[in-house]
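Residues per chain are reported as follows:
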Amino acid sequence: MSDIQTVKKNRARKPKALLEDKLFGFVNDGLLVLAALIVFYPLVYILSSAFSSPTAVSKGLVVFFPVDFSLKGFEEVFSHKAIVTGFANTIFYTVVGTLVNIILTVAAAYPLSRKNLPGRRILLFIFTFAMLFNGGLIPSYLLTAKLGLINHRAVMIIPVALNIFNVIICRTFFETTIPEELIEAAQLDGLSHTRFIVQIAMPLSKAIIAVLVLYYGLGHWNSYFQAFLYITDKSKFPLQIVLRDILILNQVNEIIADPLLYQAKQGMAQLLKYSLIVVASVPFMLAYPFVAKYFVKGVMIGAIKG
Amino acid sequence: MRVSTGNEARAVSQKALRSKAMRSLQHRVKINWELYVILAIPLIWLLIFHYYPMYGVQIAFRRFSPLKGITGSPWVGLTNFIKFFKSYNFERVLRNTLSISLYDLVVGFPFPVILAILLNNCLKPRFKKFVQIITYMPYFISTVVMVGIIIQFLSPKVGVINYLITALGGTEIDFMGRPEYFRNIYVWTNIWQGTGWTAIIYLSALSSVDPGLHEAALVDGANRFQRMWYIDLPSILPTIAIMLTLRMGNIMNVGFEKVLLMQNDLNTGASEIISTYVYKAGPAAAAPDFSYAAAIGLFNSIINLVLIMIVNKINAKINETSLW
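Considering the overall build of chain B
Moving on, step 1. If you tally the helices and strands in chain B, you get 16 helices and zero strands.
Moving on, step 2. Computed over the C-alpha atoms, the radius of gyration of chain B is 28 Å, more than 25% above the 20 Å expected from 2.2 N^0.38 for a compact globule of 324 residues.
Moving on, step 3. Referenced to the eigenvectors of the C-alpha coordinate spread, the extents of chain B come out at roughly 100 × 75 × 35 Å.
Moving on, step 4. Here chain B, with 324 residues, has 34% of them falling under the buried criterion.
Moving on, step 5. Within chain B, contacts between residues at least 6 apart in sequence are counted, and of these 66% link residues at least 24 apart.

Points about the interface of chain B and chain A
Moving on, step 1. Across the boundary between the two partners, chain B contributes 74 residues, which contact 76 residues of chain A.
Moving on, step 2. Here the element with the most residues in the side of chain B that touches chain A is helix 2 (residues 33–55) of chain B; it accounts for 14 residues.
Moving on, step 3. By residue class, the composition of the side of chain B that touches chain A is 53 nonpolar, 17 polar and four charged.

Considering helix 12 (residues 239–248) of chain A
All names here are of chain A.
Moving on, step 1. The buried count for helix 12 comes to eight of ten residues, which makes it a mostly enclosed element.
Moving on, step 2. Along helix 12, the residues that are buried comprise Leu239, Gln240, Ile241, Val242, Leu243, Arg244, Ile246 and Leu247.
Moving on, step 3. Asn250 occupies a position one or two residues after helix 12 and carries a positive phi of about 60°.

Section: the packing of helix 5 (residues 120–132) of chain A against helix 2 of chain B
Moving on, step 1. Packing of helix 5 of chain A against helix 2 of chain B brings their axes to within 11 Å, and their N-to-C directions diverge by 35°. Both helix 5 of chain A and helix 2 of chain B take part in a crossing whose hand is left-handed. In contact with Leu123, Ile126, Phe127 and Ala130 of chain A of helix 5 of chain A, helix 2 of chain B contributes Leu39, Leu46, His50 and Tyr51 of chain B.
Moving on, step 2. Its residues assigned to classes, the contact of helix 5 of chain A with helix 2 of chain B comprises seven nonpolar, one polar and no charged.

Structural notes on unusual backbone geometry
Excluding glycine, residues mostly have negative phi values, and the peptide bonds linking residues are mostly trans.
All names here are of chain A.
Moving on, step 1. A positive phi angle is found at Asp68, which is not glycine, with a value near 50°.
Moving on, step 2. Inspection of the secondary structure puts Asp68 in the loop between helix 2 (54–58) and helix 3 (72–78).
Moving on, step 3. Even without being glycine, Asn151 reaches a positive phi, approximately 65°.
Moving on, step 4. Take Asn151: it is sitting in the loop between helix 6 (137–146) and helix 7 (164–177).
Moving on, step 5. What makes Asn151 exposed here is the crowd of 11 C-beta atoms within 10 Å.

So, helix 5 (residues 88–108) of chain B
Residue and element names in this part refer to chain B.
Moving on, step 1. Taking 1.5 Å of rise per residue, 21 residues should cover 30 Å, and helix 5 covers 30 Å from first to last C-alpha, within 8% of that figure.
Moving on, step 2. Listing the buried residues of helix 5 in full gives Val93, Asn96, Thr97, Ile100, Ser101 and Asp104. End-on view of helix 5: buried residues confined to an arc of 110°, all on one side of the axis. More than 90 degrees from the buried face of helix 5, the exposed residues found are Tyr88, Glu91 and Val106.
Moving on, step 3. For helix 5, the secondary structure elements touched by its buried residues are helix 10 (179–207), helix 14 (268–271) and helix 15 (274–281).

A few points about the nonpolar core
Moving on, step 1. Among the nonpolar cores identified, the biggest contains 79 residues, and Leu243 of chain A together with Val145, Ala294 and Ile296 of chain B are the most heavily contacted of them.
Moving on, step 2. Considering each element in turn, this core owes the most residues, nine residues, to helix 13 (residues 262–303) of chain A.
Moving on, step 3. In this structure Ala294 of chain B touches Gly136, Ile138 and Pro139 of chain A together with Val57, Ile59 and Ala60 of chain B, once residues within four positions along its chain are discounted.
Moving on, step 4. Listed in part, the 29 residues of the second largest apolar core include Val106, Val167, Phe173 and Phe174 of chain A.

A few points about the domain arrangement of chain A
Moving on, step 1. We note that the domain assignment places domain 1 (3–50) and domain 2 (72–303) within chain A.
Moving on, step 2. Class assignment of the residues belonging to the side of domain 1 of chain A that touches domain 2 of chain A gives a composition of three nonpolar, one polar and no charged.

Definitions and limits used
- Residues numbered from 1 in each chain as written.
- Chains lettered and ligands numbered in written order.
- Predicted model: local features only at pLDDT ≥ 70, side-chain atom pairs only at ≥ 80, totals over all residues.
- Helix = DSSP H or I, 4+ residues; strand = E, 2+ residues; numbered from the N terminus.
- Rg over C-alpha atoms; globule rule 2.2 N^0.38 Å.
- Buried ≥ 20, exposed ≤ 12 C-beta atoms within 10 Å, placed from the backbone.
- Contact = placed C-beta atoms within 7 Å.
- Nonpolar A, V, L, I, M, F, W, Y, C, P; charged D, E, K, R; others polar.
- Axes fitted to C-alpha atoms, helices over the stretch in contact; angles between N-to-C directions.
- Left-handed = near helix turned anticlockwise from the far one by under 90°.
- Expected span 1.5 Å × (residues − 1).
- Arc of directions from axis to C-beta.
- Core = buried A, V, L, I, M, F, W, Y, C linked by C-beta atoms within 7 Å.
- Domains from an automatic or database assignment.

Now the structure itself:
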């Protein structure tokens, strides 16, 4: 078919194609609106409930927007010692834990990314095999007990100091983004490996570091089972354990000690739950858009197998 | 030249080559010593926290007594495994594990693919970005909070779902207390929470589709649906295949934390899975039988390993992308 014929045919079909495409676009965007609403509504319901008054919540008056706007729920959240302690502990575990994670991940990923490192293949296998097979819960539990980590703050950091999958992602990133010539030039200049990693490789790898911080940080912030299994001392509880007591085991009445009437107390308990959900979940939701641009890039480079 | 001068010369030259290779290896080890020191820290961690527990797996073949330690306890062969296979829980936990997992896979898998295609076909950049942000938000919610939300929404007295049911003239349903609802609640809330996030992977696969294909199709008069169906979808088929096989390799791994948190005395008939059973026979038990629990865990790990090996073989065939 010659070009002219093609153009003619195109022109002839154009009005019809336009209608089809319009319909397609309409259905497509309609489905997106539906998807967004299904995900959005529960989130809005929780947010609006958290900003409503206890009576409005207990009577089920909240439909979309807050009813009798109030901050009582948040005042309640931050007036409880268990919650505040949980928050402080979680911030500590998240900050220190993520720092340790990043150091160890880079320490593993960088040497493994060096193609002329003798023994690289064996070392890499040692790492990947541990990802595929594990001893399971019981041997790990007995090891943790043997190391004397039970009920110790370190149990929230040391046994989870490294995620092998993240090491693989980070290694692939280093392999693909740090040119061999740069390393050679640095070596000629007498730069040690450690200084090369800290002063050159890491600043060049902001994207992957941002992704790792998000992954590890979120992991620590949301971690519950590690503490559930090993920590019994209330002063060391992370936020998620406190949340479990309140949200799932419904131990709110013990927490709300004020001599309120039963009805008011129920309302307050519901409100407290909604406010708590908001306070516990918002930090990472707000942080994500800032690292999003690194994120897609970092994940994609990491996901391509080296 | 030298090679053609006979065996002796060849042997000499090979020896020379080998010693040269040895020297170069020594040299490479020498200039990289610092890297080994750096790698030693994570490696030691790995040996302690991953390989030592693998060694400790022998507890599954012994009768563990805390006083004698793992290696001091007597060998009992496969007794613990046989005990598990014969117990009435075996069938129940295996059935629950597989049915939750397969349901999650079959029903949940298409959603992220569909969402990614819809987003990719959206011509309004700001609207697209808005929908994307909204849909991945739930990913950041912790398992504890997620289960908290589920319980709160489905609560018979104060839950929004039951408000709706009673408003429409129905009677309240105790969703969490009825085993027949467990799987549905687990799977559909997973879809709500994970679809937007998983879609990111497909979305980036879609963004790498060659625009030339679309231009050519436009010239041929293909409409938007045809281009989506005949260009976009086939282009991301390898990604879909990899994701699918990865999920199949993980079929024995049901979200342990979520199931454990959603469990209550009324729904264990549908919610007791292998990993929660291990936990209950081990650390959570009043009189823990660590050997028995470890045997069940090992049974699970071995099936997993075999599945992942098979899946990796399949993936290698699909498009030369293997996991290692």
